[in-house]
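Structure assessment
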Amino acid sequence: MLGQLARNKLTILLKGKLAATYPNIVKLRCLATQSSGYSDNYQYMQCSKVPTMHFQKSLPRLPIPEVEKTCERFLKAVQPLLSPAEFADTEKIVLSFKNQEAPELNSLLKAKDENNKHTSYISEPWFDMYLKDRIPLPLNYNPLLVFKSDTRPEYQHQLIRAANLIISSLRFWRSLLDDHLEPEVFHMNPKKSDTESYRRWMRLTPQVVATYVSYAFKAYPLDMSQYERLFGTSRIPEVDKDRLVQNPNSKHIMVMRRGNIYAVEVLDSQGNIESPKEILARLKMVVKLDEPKPTAAMPLGVLTAANRNEWAEIRSHLVSHQRNNDLLTKQIDNALFCVCLDTPEDPVYDDNNPVPLLNHFLAGKATNRWFDKSVSLLLGNDGTAAVNFEHSWGDGVAVLRYFNEIYKETINKPFLSIQDLQSLSSVAIDSSKVRSLSFEIDDKLRAGIDSVQRKHDANIKSLNMNFLRYPHLCKESCKRDRLSPDSIMQLSFQLAFKQAFNKYVGTYESCSTAAFKHGRTETMRPCTNKTKEFCETLLKPQTEKDFKHLRMLIDQCSTYHGQLTKEAAMGQGFDRHLFALRHTAEINDRPLPQLYNSEAYKRINYNIISTSTLGSEALLLGAFGPVVRDGLGIGYSMQSDKCGAFVTSYKDGCSGLEFINSLEKAFDRICKIIAESK
């Protein structure tokens, strides 16, 4: 019904005079620019027929769920974590909350939301949650995504791969700035909607109705407001709450090597991308300037791994020196992004044991990192590349799009190869385009850097990493057996934890709400009554298993998992609503409802199992730290020929190795059930 109405309305608009009101959309094109002999084909990664932000005005707003539904969903989610007596007490607490405090808090929340129609109800409190947290960024917040390697040696050289990734990043960025990047759209049926016909219709559709017309094609535009903070953004430490600063007009990047920091120009005076050989030559100059230097005695990047209040205090002292202030604010904070070139003494990728490299890339020694930058490209000495990103400004949707696009281009259309590096002697280099940043360091700064380095090193030494590749379960087998890959992975985690530690715990799976204006994420709670029933049935001490019954339970888990995922994606979870109601109580000086001090609320929000799916053809591995000290950080993926998980844990907490061993047994058991029930 909606689709037909949208199509009819669009047809009327195009037949009438209103279509003439949108000549800029109809005539959308890439403006020709010149830079070192390269045209717009070089300056832009994409030249979308549909402007990048075409759908933003018409995106629906994130709905505020009904209080009754939120309470109902909360009770269902906490039930498998509680004893019958604990659950009975929780029901009373939730009933009191629903009838007494929640109605007023929800009214206040809705009133604020009505007065801020330009954004979502979760945006401000979610930013505050990130920026007010005082714990260090590495391990606690900054995730890691590692690119698959280029199998061609001539493109895998560290400087070649770095230069190609830099060029593709800049082309992505310029496409975004000039409205030429393809809008992010989720296509339910790509063969019918991811087409030139769809794009022609969208290009001619007024922005105020574009999203709803797109729905008629079963194509769902996603919010792109976070993309603007991908580059030129830094998180600045301040006491009690950090802030984000951005300079999208910057023309340089920051490059780090051995802890030394360089500002490298990558755009010309008109804002055009410098030629590939010029960028490569400037990277080579960094190495040349850096080789005679020892590893930085006082690597300032370490400070970005500090407790945020501690870093705020040290930074305040650091910028009291005018030279330091200029270097920090103009050269580091304003840099488009950070590139970290590691050296031969640093770990390289080993397919049989990727742990040393992932540990190093995720947080490492911190001497050659600047964790406050929105995006950092990490390059191992062997050319292995990764993205480490600061999380407060945005979520995985924007980063993964960027990650996928630059990988695809560097594999399919690299601008440089090893031959270009060998012929660089003929390129005249302007030394002013590569600036070594030398800070004034006093005894107080030395003491601060030493202190942070010791704490960070101790934290990294306490981290364990374990991984599992499992070849008997994959996308193809799940498709063949009519199973949801994500549901099977999450069910396996529940079974593995129960087998290893004999309990059920708070489990977190993030789900994007980018289908709404300024949507962030919602939590999907994979530990359910359905998964608990399956685990209890399977683990009963009986001689024979009813595989058909167990398969039926797997199917029920999958169906309910799909329902929860759909609800979360449509803004109908409960976590963000309860979070916003709590925030509303705090900012309106209302007493905190008993619910937030209840054992049930604390238990479900103490996420022992924190998970993130890493589905991308560009991705080799991904990792993040545990959310709580005795928890597990599980990055997982299911690919066409295998599935796997990379698990982080702390030595004094839950055993990641024991979990991984149990996970393999869980996979074996589930595969046997599927095979025996046919």
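Residues numbered from 1 in each chain as written. Predicted model: local features only at pLDDT ≥ 70, side-chain atom pairs only at ≥ 80, totals over all residues. Heavy atoms only, no water.

1. A word on the pairing of strand β13 (residues 507-512)
Looking at chain direction, β13 and strand β15 (residues 609-613) are connected through three bridges and run parallel. Within β15, the residue paired with Thr-507 across the bridge is Ile-609. In this sheet, strand β14 (residues 521-524) lies alongside β13 in antiparallel orientation, the contact comprising four bridges. From the neighbouring strand, Cys-511 faces β14, where its bridge partner is Glu-522. (Pairing = 2+ DSSP bridges. Helix = DSSP H or I, 4+ residues; strand = E, 2+ residues; numbered from the N terminus.)

2. Structural notes on the nonpolar core
Phe-74, Trp-370 and Phe-534 are the most contacted members of the largest nonpolar core, which totals 121 residues. Here this core gets nine residues from one element, more than from any other, and that element is helix α26 (residues 656-676). Each of domain 2 (109-118 + 471-677) and domain 3 (137-176 + 229-461) gives at least three residues to this core. If near-sequence neighbours (up to four positions away) are discounted, Phe-534 is found in contact with Leu-491, Leu-495, Leu-550, Leu-553, Ile-554, Cys-557, Ile-670 and Ile-673. Counting residues in each nonpolar core, the second largest holds 59 residues, with Ile-273, Leu-280, Met-285 and Phe-337 among its members. (Core = buried A, V, L, I, M, F, W, Y, C linked by side-chain atoms within 4.5 Å. Buried < 20%, exposed > 50% of the residue type's maximum accessible area, 1.4 Å probe, protein only. Domains from an automatic or database assignment. Contact = heavy atoms within 4.5 Å.)

3. Some words on the sheet that holds strand β11 (residues 434-436)
In sheet architecture, strand pairing relies on hydrogen bonds along the backbone and comes in two forms, parallel and antiparallel. Ordered in space as β11-β7-β6-β8-β9-β10-β1-β16, the eight strands form an open sheet in which the pairing is mixed. Taken across any chain shown, the strands that pair with only one partner, and hence form the sheet edges, are β11 and β16 (619-623). Mean inter-strand twist for the sheet, computed between neighbouring axes without regard to direction, equals 20 degrees. Judged from the four bridges that link them, strand β1 (residues 144-147) and β16 form a sheet pairing that is antiparallel. Paired with Leu-145 across the bridge in β16 is Gly-622. Against the sheet, helix α13 (residues 276-290) engages β6 (252-257), β7 (260-265), β8 (338-341) and β11, with an angle of about 155 degrees to β7. With respect to the sheet, helix α17 (residues 396-412) is in contact with β1, β9 (375-379), β10 (385-389) and β16, its orientation differing from that of β1 by roughly 15 degrees. (Axes fitted to C-alpha atoms, helices over the stretch in contact; angles between N-to-C directions.)

4. Some words on the sheet that holds β14
What the six strands build is an open sheet, ordered β12-β18-β17-β15-β13-β14; its pairing is mixed. Of all strands in the sheet, those bounded by a partner on one side alone are β12 (463-470) and β14. Taking the axes of each pair of neighbouring strands and ignoring which way they run, one obtains an average angle of 25 degrees across the sheet. This element, helix α23 (residues 547-569), spans β13 and β14 of the sheet and lies at about 160 degrees to β14.

5. Observations concerning helix α19 (residues 443-461)
Spanning 19 residues, α19 covers 27 Å between terminal C-alpha atoms, matching the ideal 27 Å at 1.5 Å per step. Restricting attention to buried positions, one finds in α19 the residues Leu-445, Gly-448, Ile-449, Ser-451, Val-452, Gln-453, His-456 and Ile-460. Taken together, the buried residues of α19 touch α14 (308-318), α15 (322-332), α16 (355-362) and β12. (Expected span 1.5 Å × (residues − 1).)

6. Here's the deal with the UniProt feature "active site" (unreviewed entry) in the protein
Look at the UniProt record and you will see "active site" (unreviewed entry) annotated at His-391. Following the sequence through the fold, His-391 ends up in the loop between β10 and α17. The exposure class of His-391 is buried, given its relative accessible area of 15%. Apart from residues no more than four positions distant in its own chain, His-391 is found in contact with Tyr-130, Tyr-141, Asn-142, Pro-143 and Arg-520. (UniProt positions renumbered as here; feature names shortened; annotations may be inferred.)

7. Details of the pattern of salt bridges
Counting across every chain of the model gives 47 salt bridges. Notably, a salt bridge pairs Asp-443 with Arg-446, separated by 3.2 Å at the nearest N-O pair. Of this pair, Asp-443 and Arg-446 both sit in helix α19, three residues apart, which is roughly one turn of the helix. Classification of Asp-443 by relative accessible area gives exposed; the value is 61%. For Arg-446, a relative accessible area of 36% puts it in the partly exposed group. One network of salt bridges, in which partners are shared, links Arg-134, Arg-235, Asp-242, Arg-308, Asp-372 and Glu-390. (Salt bridge = Lys/Arg side-chain N within 4 Å of Asp/Glu carboxyl O.)

8. With respect to the packing of aromatic side chains
Overall, the coordinates contain 23 aromatic pairs when judged by the stated rule. Geometrically, the ring pair formed by Phe-231 and Tyr-402 is edge-to-face, given 5.3 Å between the ring centres and 85 degrees between the ring planes. Taken together, the positions of Phe-231 in the loop between β3 (219-221) and β4 (233-236) and Tyr-402 in helix α17 put the pair 171 residues apart, joining distant regions of the chain. Accessibility classification places Phe-231 together with Tyr-402 in one group, the buried group. Over the ring of Phe-127 we find Arg-520; its NZ or CZ atom is 5.0 Å from the centre of that ring. One cation-aromatic arrangement involves Arg-629 over Tyr-650; the distance from NZ or CZ to the ring centre is 3.8 Å. (Phe/Tyr/Trp six-rings, centres within 6.5 Å; stacked < 30°, edge-to-face > 60°. Lys NZ or Arg CZ within 6 Å of the ring centre and 35° of its normal.)

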